[in-house]
Each structure stands twice: as C-alpha cells, then as structure tokens.
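Residue-level structural notes
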Amino acid sequence: MFNKRITIFTGHFGSGKTEVAVNYALQAAETGKKTAIVDLDIVNPFFRTADVRNRLEAGGIKVITPVYANTNVDVPSLPAEINSLFEDKSYSVILDVGGDDLGARAVSRYRDQIACDDYIHYFVVNTRRPMTRTPDEIIRMILEIQDGAGLKVDMLVNNANMLGESTPELLAEASEILAVVSSRLSIPVGFISGMEEVLSAYEGDRGIERLYMKKNITLPWEQM
Amino acid sequence: MGEKILMKGNEVIAEAALRAGCRHYFGYPITPQTEIAHYFAKKMPQYGGTFIQAESEVAAMNMVYGAASAGARVMTSSSSPGISLKQEAISYAACAELPAVIVNIMRAGPGLGGILAAQSDYFQATKGGGHGDYRMVVLAPSSVQELYELVVDAFNIADKYRTLCMIVGDGMLGQMMEAVEFRDKEDIYQADKSWAVTGTGMERDHNIITSIYIDPEVLEKHNLKLQEKYRKIAENETRVEVFNCEGADIIVAAYGTVARIIKNVIKTAEKEGIKVGLIRPITLWPFPTAEFEKYADVPQAFLSVEMSAGQMVEDVRLAVNGKRPVYFHGRMGGMIPTQKEILEKIREILK
C-alpha cells in the first residue's frame, strides 16, 4: 500500500469505497506523503468524502470535491482543479470514484493522464451487498466498471462488512469468495480493510496487507 | 429468515416490492430516490417484469393507473417535486379505487428546494395533495428493516381495500445503509380482482374503471362508498409505536428517522432525571389519534419534532384536544434536528 502516485478506488454502490479511500488517504498522509483526495463520486450525493472534509484537511490532505458536494444542487460538475494533480507530480493522489459502471465513467475522462502515470486501481468488494455476493456477480461488476472507467482493475480489496454488525467471520466468508474471483480473473487481493476492532480479531489471511479503519461517517442520531 | 445483508433504503424499497410480487415499475429519476429506479432497472428483467423510465412523473403515475386497472401489483416512486407532479393521476386513481404503491423519499422544499432530507410533505401525503375527498394510507418507516416490511404490507393493504398506499421516508432513510434480513417467503394477500379490466373473453360484461361520474347522485353515492372504505381502513390499519410513555414528564411525537434521534434523546434525558416518552405514528394516515387520547393526561406537555415548519403537530393538537399544551420543534431546508437542541427545548418546556 501507499507506494503508487495515483490510487484509484472503484466498486459497487455501497461497497464502502469512500470509507476505505478516506482511511487510506489519512494513513498515506501519516507516512509523510503530500496527499490529495479527489471525490469523483458524482452519483451518490449524501454520504461522501465531502462529509469528512474537515478531518482530512486537519490531516494535511488536499480535498477536491464535485462542485455541488453537500449543497442543494442536483447536477454536479468536476472542478478543473483536478487536472492540476496530474501535472503536479509531487502529490500522492487518491481517487474515490462513484459506484458501478455509471460512477466509474467519471474517471474515464482522465484515463489518458492516469494510464501514463504510476497508478494502481483497487476494486473494493463487500460480499454482503446485493449484486456482489457471488463470484459470478462480482466478476460481472468488475467487467462493467472496467468498461466504464476504461482502466483495468489491478487488485481487489476485501471490505466485507455490515456496518455496526460486522464480524471477523464476514471477512473469512468474503476471503473464500474472493479467492474464486482472483483465480478466475488473475487479480490478487491487495489488502483487507475493516474497522480496527473487527479486523484485529480476524485471524485469517495473515499474508495479506491490512487497512485498519476508523469510523469517519456518522448518522444524525449518532451525533449530539 | 434468510441471511443479513447490507442495503441502502432505496434498494430495499425495490427489493421488497419485487418480493411482494410487484412486476411493474414506472418512474422518473430524481435525487434522493433514484436508486429505486436503478435497482428495478437491473433486477426487473430477471423477473420478466416491466421497468419503464417514463417521459415524466405525470406519465409514470398514469402508467400506474393503467397497470393497476389490469389488476397488476404496481409501483411508482419519486421525491417531493416529482410527487407534486403525480397528484392529478393520484386523485384519479383514488376515485377509480385502484390499488397501487407510491413512494415519496422526501426532500426539502418548497419548489425545487434541495436534495437533502425533509418531512415537509406530511400535509401533501395525509390531507390529499390532489383534489377531491380521498385518502391514502401513508406509512412512515424509521429503519431500513421496517422499510422492507412496510413496503410488503403496503401492497397487501392496497389490494385488500383497493386503495393507494404511500410510503414516506426522508432522504436520509432512502440513502442510508443498514443490515436487513428478508423473510424466505412473503405473506401475499390474495385479492379478488374480478373488477380488473383484463378482457371479457366474450363471457362477461365489460368491467369499467373510471373516475368520471357526471350524475351528482351517483357521484355522491360513490363518495359515500369511498368514505366508508376509509373509515374501515382507519379502524383496522392504524399503526403506532409507543415507547416509554407511562409516567412520562413529556411525550414527544416524531416519525421516520427523527424518531431515532428521539430514542437517543430519551437516554440522555433519563440521566438528567427527565422521563421522555415517544409516540411514533407508523401510519401518518390513518393517524393514531387513540394513542394520543390515551396518554393525553399523562405528561406535562407534548412536543412534536419534525423536519418541517410544523405539519404533523396539527394532528397531535387535534388528538390531544387541549388537555395539555402541544409544542413544536422543527428544522427545514435539509437541516436535521440535533439531540442537543431537542434536549434544550424539552428543558425549556418543563422549566
């Protein structure tokens, strides 16, 4: 982890991409890298990187969000500022891309700049989400997203969870499903992600890297 | 029960409808409920059903009128401005006694407003957004699990009474994800739909589905029949959750996700020695008047908390009927009331 200049996260709606991308960015910045995160999610207007902007900026991370993020406008636009991140190679750039093939299309317009740069494309999977529960469904989703983004998936991320009801068993269950996907598509699992308390209790897959996450997105009734 | 999976409220609405036997969906995209259409578009072909992104909300609701006339289980969904557009056809379908389910994932208004969560379509849903003396059953879930269960129930109620059922959720409920557990099989009410226009086969008289009655005596008779039906629905289908109300200092009325904020307020208030009760209407129409009457003498006051300028509070006042003061606290524009400000309001009222 953290060794490519551009890190792209795609996945199914609700796979947990944003939570993964935010935690990944915070930890990348902690290693001393000059980090920028781009919210390319023009699909889901409610729970996005924009919600945790303050926390990211406090961590010294440059945050770029669609122009409408967290305001009242339906139609988003991608700020021109994004282009500067492809020019200024001193930044480590994390791209949080919208769900499914539709969301992935937003990244396709930067395809040429990304393809000639040092990048990695992670596909985040939560096997407890509808439409990514079986190897067949996951493979279909990967093919659709690759098509939308115009960029091949390099590695899978096991992000199996049910929010507050997550268990290490879910990660083990997902590990078996992803093993089938890996062998059929020749795409390895890059890392396993989970909330600290859940992931630290998971004994399997010791040979695979881990992203221990902190909860950054809360619901209104969880807030004072 | 099956395995638990993680789903977005909007996805659950579509999945629940499919499980309830809905094979026809007509809609037009609008934030924050577009995932409903998105999910149907992907899944409906697997069920051999019909998914149509109509040219407008008006068209979509008229397509619902058509499919329901043929006796099919059918749904449309939208968000506030889109629901306004559907009102003419809603009134027509109510008059023609067509069973159908309409979902409104409410956003902040008036006008095009914003895309964030609100509950400001309470009047529109419960008092007749369209013209004429009609009612719809209005169900207001507060969690993703309950959303699933109430969508299935809505189809059954619709068929049982030949009525429209509306599911109202604020934008938050549509967008949030929670673990949900589906039943292996749904209990589907088997309605006699011999009234449906499905072709006579040259063996019976024509069935007629209409909302025009030119003769005033006939129209009044039809209206009386509708009113009798609404009375029966009110008698049999009123639903409410009552929590912590025995001996409460104050009883809060709240529905949908706001009720979840109140449940946490109850815990915090308890530490200060204040007992807060909650009456959560699950059906906004029929309104659970009887529960408010039952507890009207218990607290010092009632407080209605809404994401609106104060709409449900009018029904709370009617139900409490002057026995106790009824206060209001609300936020608008997509702002969500916080535990802190609700607690302050409660302290101020009880002072």
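Residues numbered from 1 in each chain as written. Chains lettered and ligands numbered in written order. Predicted model: local features only at pLDDT ≥ 70, side-chain atom pairs only at ≥ 80, totals over all residues. Heavy atoms only, no water.

What follows is about the domain arrangement of chain B. For interface size, the figure often reported is the accessible area lost on association. All names here are of chain B. By domain assignment, chain B separates into domain 1 (4-237) and domain 2 (242-350). In this structure, domain 1 and domain 2 have C-alpha centres spaced 28 Å apart. The interface of domain 1 with domain 2 comprises 33 residues on the first partner and 24 residues on the second. The interface formed by domain 1 and domain 2 holds three salt bridges in total. Salt-bridge contacts for Arg-280 lead to Glu-146; the nearest nitrogen and oxygen are separated by 2.9 Å. Taken together, the links from domain 1 to domain 2 amount to 14 residue pairs in polar contact (both at pLDDT 80 or more). Broken down by element, the residue count for the side of domain 1 that touches domain 2 peaks at four residues, all from helix α8 (residues 216-237). (Domains from an automatic or database assignment. Contact = heavy atoms within 4.5 Å. Salt bridge = Lys/Arg side-chain N within 4 Å of Asp/Glu carboxyl O. Polar contact = N/O pair within 3.5 Å; in protein donor to acceptor, adjacent residues only side chain to side chain. Helix = DSSP H or I, 4+ residues; strand = E, 2+ residues; numbered from the N terminus.)

Looking now at the pattern of salt bridges. The full count for this structure, using the stated rule, is 35 salt bridges over all chains. With a shortest N-O distance of 3.2 Å, Asp112(A) and Arg111(A) are connected by a salt bridge. With a closest N to O distance of 3.4 Å, Lys42(B) and Glu144(A) form a salt bridge. Placement of the pair is Lys42(B) in helix α2 (residues 34-47) and Glu144(A) in helix α6 (residues 135-149), with the two residues belonging to separate chains.

A word on the environment of Gly207(A). Looking at the element boundaries, Gly207(A) is found in the loop between α8 (196-199) and β8 (209-213). With 16 residues separating them in the primary sequence, Gly207(A) and Phe191(A) have C-alpha atoms 9.7 Å apart.

A few words on the side chain of Arg129(A). With respect to the secondary-structure elements, Arg129(A) resides in the loop between β5 (119-125) and α6. Note on Arg129(A): relative accessible area 1%, which makes it buried. Of note is the side chain of Arg129(A), whose polar atom sits 2.8 Å from the backbone oxygen of Leu6(B). Setting aside anything within four residues of it in sequence, one finds Arg129(A) in contact with His12(A), Phe13(A), Gly14(A), Ser15(A), Leu6(B), Met7(B), Lys8(B), Glu11(B) and Met177(B). (Buried < 20%, exposed > 50% of the residue type's maximum accessible area, 1.4 Å probe, protein only.)

Before going further, it helps to examine the packing of helix α4 (residues 100-108) of chain A against α6(A). Angle between the axes and distance between the axes are the two parameters that describe a pair of packed helices. All names here are of chain A. α6 packs onto α4 with a crossing angle of 30° between their chain directions and a minimal axis gap of 6 Å. Relative to α6, the element α4 lies roughly parallel. For the pair α4 and α6, the sense of crossing is right-handed. Between α4 and α6, the contacting residues are Asp-100, Asp-101, Ala-104, Arg-105, Val-107 and Ser-108 on the first element and Met-141, Glu-144, Ile-145, Gly-148 and Ala-149 on the second. The residue makeup of the contact of α4 with α6, split by class, is five nonpolar, two polar and four charged. (Axes fitted to C-alpha atoms, helices over the stretch in contact; angles between N-to-C directions. Parallel < 35°, antiparallel > 145°, perpendicular 65-115°, else oblique. Left-handed = near helix turned anticlockwise from the far one by under 90°. Nonpolar A, V, L, I, M, F, W, Y, C, P; charged D, E, K, R; others polar.)

All right, on to the packing of aromatic side chains then. Evaluated as defined, the whole model comprises 15 aromatic pairs over all chains. An aromatic cluster is defined as three or more aromatic residues linked by ring pairs; in this entry it consists of Phe2(A), Phe9(A), Tyr24(A), Tyr122(A) and Phe191(A). Of note, Lys34(A) hangs over the ring of Tyr91(A), and the distance from its end group to the ring centre comes to 4.5 Å. Note that Lys263(B) overlies the ring of Phe243(B), its terminal NZ or CZ placed 5.1 Å from the centroid. (Phe/Tyr/Trp six-rings, centres within 6.5 Å; stacked < 30°, edge-to-face > 60°. Lys NZ or Arg CZ within 6 Å of the ring centre and 35° of its normal.)

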